[in-house]
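The primary structure of each chain is shown beneath.
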Amino acid sequence: MATVLVKSDDDKKVVTESTTSLNSDGIPPLGAPHEEKRFWFQRTKDFDGEAIATQPSVFDDPKTAEQYHPRDDWENLHRFDPKARWTWSEEYAIVRKIDLRIMIWACTMFMALELDRANLAQALTDDFLVDLHLTTNDYNLGNTVFKLAFLVAELPSQLVSKWVGPDRWIPSQMVLWSIVAGSQFWLSGRTSFLVTRALLAFLQGGFIPDVILYLSYFYKHHELSIRLGFFWTMMSVADILCGLLAAGFLEMRGVLGYAGWRWLFLLEALITLIVGLLSFGLMPPGPCQTANWFRGKNGWFSPREETIIVNRVLREDPSKSDMHNRQPITPRLLWKCLKDFDLWPLYILGLTFQIPSTPEQQYLTLSLRQMNFSTLTSNLLSIPWTVLHIITMLGLTYTAEIFKELTFVSLIGQIWILPFLIYLNVANTAAASRWVIWTVTTLLLAYPNAHPIQVGWNSRNSNTVRARTVSAACYNMFCQAGGIISSNIYRSDDAPLYRRGNRQLLALLIMNIVLYSLTKVYYVSRNRYRDKKWNAMTDDEKLHYLSTTIDEGNKRLDFRFQH
């Protein structure tokens, strides 16, 4: 977050970090920062919706405004107006409109992705491995190949998206991967299984960071974090939908002589194809480019609404105008982003934080079948943990924003998993009731996932569109690498109790607790170092730095890392 500096024109030449009004004649007053109520439950009867919502920013002083002015080819430049003012009622109404027009469809697209990548777990309950003469190690290899191809595709996909625009690339991805997903109807053995997993992942890779970058055009940082919570909630909703659809589609075993899992892959791919085709019309390039034949000649937002959307986002983060939405990332800029060591603590967390829960999730339906639950019951028993997971993840995301604490709130998920992993390591699970094992596994998987927090955290600490583009892909690549590790912890020679694997998961979880603590120490130390240098400068030296510095993004002295 950049420090807001406003220099008054009086004799004292005082520089302050925030202001509610300006001394310059003709400039409208600003809103008080402390009046913002981020969430509906914080807005009491005393809340004044007609108060000015426009927050202080670097654009309020002519000297600093010049350094942050949007580039000439920025697609929203015609709506940029530092003197624009609006009320809280206007802002919240526009946010709700963005939610309806942009966010809901982004969630729908994500659900389509999850349908096609997660339905393999449901296929397992219909003798998928038996029909294709595969072993559990082949299944692990398929998951590994999927994660590896997903990882490899992340950065190229993000670069293509930045070049042609996410509104063009994301729908194209969806149509292409739906074709591959549907082709799994004709799987014949190990080779075709591995090839389709690789192709599916390669086409899906980059989708998530593409969508996150796209959403950042419309939302402030704290708004994006909360909506990412709902975004990943839709993955859980899709998992529930997967279970319900599988309960029906798998009953088609024998129709035209084909197995139920073949119909599962084909019919869910058709759903994705329809969503992908609709996405070409339902994804505008940006807040000021919503008018077209499909969305209407007047677009979704009025000129007043476009002005508010553009300026409220820029006043919080001026870096969002440093690239236009069709501008490619050059090799030099790519390398500059990759060597940004200040983001690597988050990349490392992305690598490890989900590993303690992933093997249990991947093997849940297979384990239920091995415990003699029927195909239908196994799919239905995979739903409760998903419902609980939605509740805990959203609760964690809101908690982080309410208390403005990212690191220790993210750590709660690891602490949640700890007692259940200890049980799996010390209990005699071979003699335990299958309902006890299901309950323990369900509660473990219901942990509050910090993924939405950490994706938003990574975006905040990037501080430029260029860095945000690459860092979103890098973070997700590390998450996929963690998935590769997860897919190889439970091995066939350790089945069915997976004692060795559970010990490894417990060790990794303890390591994660240490890593979160070290991340907190790192960012606090970095901010203190910058505070020391910044506070040692005079007021004039600070303004001179802002006007002459060649530091960019999170390397600027006036930037503070979120933690």
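Residues numbered from 1 in each chain as written. Predicted model: local features only at pLDDT ≥ 70, side-chain atom pairs only at ≥ 80, totals over all residues. Heavy atoms only, no water.

Time to look at the confidence of the model for the chain. The predicted model of the chain averages 84 in pLDDT, with 90% of residues at 70 or higher. Looking at the elements of the chain, mean pLDDT is at its lowest for strand E2 (residues 15-16), recorded as 36, and at its highest for helix H17 (residues 407-426), recorded as 94. Below pLDDT 50 for its whole length, residues 4-24 participates in 47 contacts with residues either more than four positions away or in separate chains. (pLDDT = per-residue confidence, 0-100. Helix = DSSP H or I, 4+ residues; strand = E, 2+ residues; numbered from the N terminus. Contact = heavy atoms within 4.5 Å.)

Okay, the pattern of salt bridges next. Within the structure shown, the criterion is met by 21 salt bridges. The closest approach of N and O atoms between glutamate 90 and arginine 304, which form a salt bridge, is 2.9 Å. In this pair, glutamate 90 is assigned in helix H2 (residues 88-123) and arginine 304 in helix H10 (residues 303-316), connecting sequence segments 214 residues apart. Here lysine 555 makes a salt bridge to aspartate 340, at a shortest N to O gap of 2.4 Å. With lysine 555 in the segment after helix H22 (539-548) and aspartate 340 in the loop between helix H11 (331-338) and helix H12 (344-352), the pair connects residues that are 215 residues apart, well separated along the chain. Owing to a relative accessible area of 29%, lysine 555 belongs among the partly exposed residues under this scheme. The buried category is assigned to aspartate 340, whose relative accessible area is 7%. Salt bridges sharing partners connect three or more residues here, namely Asp340, Asp342, Arg526, Arg530 and Lys555. (Salt bridge = Lys/Arg side-chain N within 4 Å of Asp/Glu carboxyl O. Buried < 20%, exposed > 50% of the residue type's maximum accessible area, 1.4 Å probe, protein only.)

The grouping of Ile274, Leu278, Trp293 and Phe294 at the surface amounts to a nonpolar patch, some 480 Å² of accessible area in total. Summarising the element assignment, leucine 278 is placed in helix H9 (residues 260-282). Note on leucine 278: relative accessible area 36%, which makes it partly exposed. (Patch = residues over 30% accessible without salt bridge, like charges linked within 9 Å, V, L, I, M, F, W, Y side chains within 5 Å. Areas by Shrake-Rupley, 256 points an atom, 1.4 Å probe, with all protein chains shown as cover.)

Another point: helix H16 (residues 384-403). Its 20 residues place the ends of H16 29 Å apart at the C-alpha level, agreeing with the 28 Å of an ideal helix rising 1.5 Å per residue. Within H16, burial applies to Trp385, Thr386, His389, Ile390, Thr392, Met393, Leu394, Leu396, Thr397, Ala400 and Glu401. Packed against the buried residues of H16 are helix H8 (221-249), helix H13 (358-362), helix H14 (364-370), H17, helix H18 (434-445) and helix H19 (451-460). Downstream of H16 by a residue or two, lysine 404 has a phi angle that is positive, lying close to 55 degrees. (Expected span 1.5 Å × (residues − 1).)

What follows covers the nonpolar core. Ranked by size, the top nonpolar core spans 87 residues in total, and within it Met109, Phe207, Leu215, Phe231 and Trp232 carry the most contacts. Counting 42 residues, the second largest nonpolar core, distinct from the first, contains Ala123, Trp261, Leu421 and Leu505. (Core = buried A, V, L, I, M, F, W, Y, C linked by side-chain atoms within 4.5 Å.)

On to H10. Compared with the 20 Å implied by 1.5 Å per residue over 14 residues, the 20 Å span of H10 between its first and last C-alpha is a close match. Of the residues making up H10, those classed as buried are Glu305, Glu306, Thr307, Ile308, Ile309, Val310, Asn311, Arg312, Val313, Leu314 and Arg315. Contacts made by the buried residues of H10 are with H2, helix H7 (207-216) and H8.

Its location among the elements puts glutamine 173 in helix H5 (residues 166-183). Here glutamine 173 falls in the buried class, since its relative accessible area comes to 1%. Within polar-contact distance, the side chain of glutamine 173 engages the side chain of serine 157 at 3.3 Å. Once you skip the residues sitting within four places of it in the chain, glutamine 173 turns out to touch Ser157, Leu203, Gln204, Gly205, Gly206, Phe207 and Asp210. (Polar contact = N/O pair within 3.5 Å; in protein donor to acceptor, adjacent residues only side chain to side chain.)

Moving on, we get to unusual backbone geometry. Phi is positive for aspartate 127, which is not a glycine, with a value near 60 degrees. Within the fold, aspartate 127 resides in the loop between H2 and helix H3 (128-131).

With that out of the way, let us pick up the environment of tryptophan 385. Checked against the element boundaries, tryptophan 385 lands in helix H16. Each C-alpha atom of the pair tryptophan 385 and tryptophan 438 lies 9.8 Å from the other, and the pair is 53 residues apart in sequence.

Before going further, it helps to spend a moment on the packing of aromatic side chains. As enumerated under the stated definition, the model contains 34 aromatic pairs in all. Seen in terms of ring centroids, phenylalanine 185 and tryptophan 186 are 5.0 Å apart; in terms of plane orientation they differ by 70 degrees. Their pairing is edge-to-face. We classify tryptophan 186 as exposed; its relative accessible area is 57%. Judged by centre distance (5.3 Å) and plane angle (85 degrees), the rings of tryptophan 293 and phenylalanine 294 are edge-to-face. For tryptophan 293, a relative accessible area of 77% translates into the label exposed. On the basis of relative accessible area, phenylalanine 294 is assigned to the partly exposed category, the value being 36%. What links up through ring pairs into an aromatic cluster is the set Phe110, Trp177, Phe207, Phe231 and Trp232. The lysine or arginine in question, arginine 434, covers the ring of phenylalanine 373, its NZ or CZ lying 4.0 Å from the ring centre. (Phe/Tyr/Trp six-rings, centres within 6.5 Å; stacked < 30°, edge-to-face > 60°. Lys NZ or Arg CZ within 6 Å of the ring centre and 35° of its normal.)

What follows concerns the packing of H2 against H7. With their axes 11 Å apart at the nearest point, H2 and H7 run at an angle of 175 degrees to one another. One way to sum up the angle between H2 and H7 is to call them roughly antiparallel. Seen from H2, the contacting residues are Ile102, Met103, Ala106, Met109, Phe110, Leu113 and Arg117; seen from H7, they are Phe207, Ile208, Val211, Tyr214 and Leu215. Across the contact of H2 with H7, the residue classes break down as eleven nonpolar, no polar and one charged. (Axes fitted to C-alpha atoms, helices over the stretch in contact; angles between N-to-C directions. Parallel < 35°, antiparallel > 145°, perpendicular 65-115°, else oblique. Nonpolar A, V, L, I, M, F, W, Y, C, P; charged D, E, K, R; others polar.)

Let's shift gears to the side chain of serine 410. Its location among the elements puts serine 410 in helix H17. Of the polar contacts made by the side chain of serine 410, one reaches the backbone oxygen of leucine 406; its length is 2.7 Å. Not counting chain neighbours up to four residues away, the residues in contact with serine 410 comprise Ala450, Ile453, Gln454, Trp457 and Tyr516.

Take the state of the cysteines next. Evaluation of the coordinates by the stated rule reveals zero disulfides. A disulfide-free cysteine, cysteine 479 has its sulfur positioned 11 Å from the sulfur of cysteine 474, the nearest such atom. (Disulfide = S-S within 2.5 Å.)

Bringing the environment of lysine 555 into the picture now. Separated by 25 residues in sequence, lysine 555 and arginine 530 place their C-alpha atoms 9.9 Å apart. Residues in contact with lysine 555, not counting those within four places in the same chain, are Asp340, Phe341, Asp342, Arg530 and Tyr545. Among the polar contacts listed, one links the side chain of lysine 555 to the side chain of aspartate 340, at a separation of 2.4 Å.

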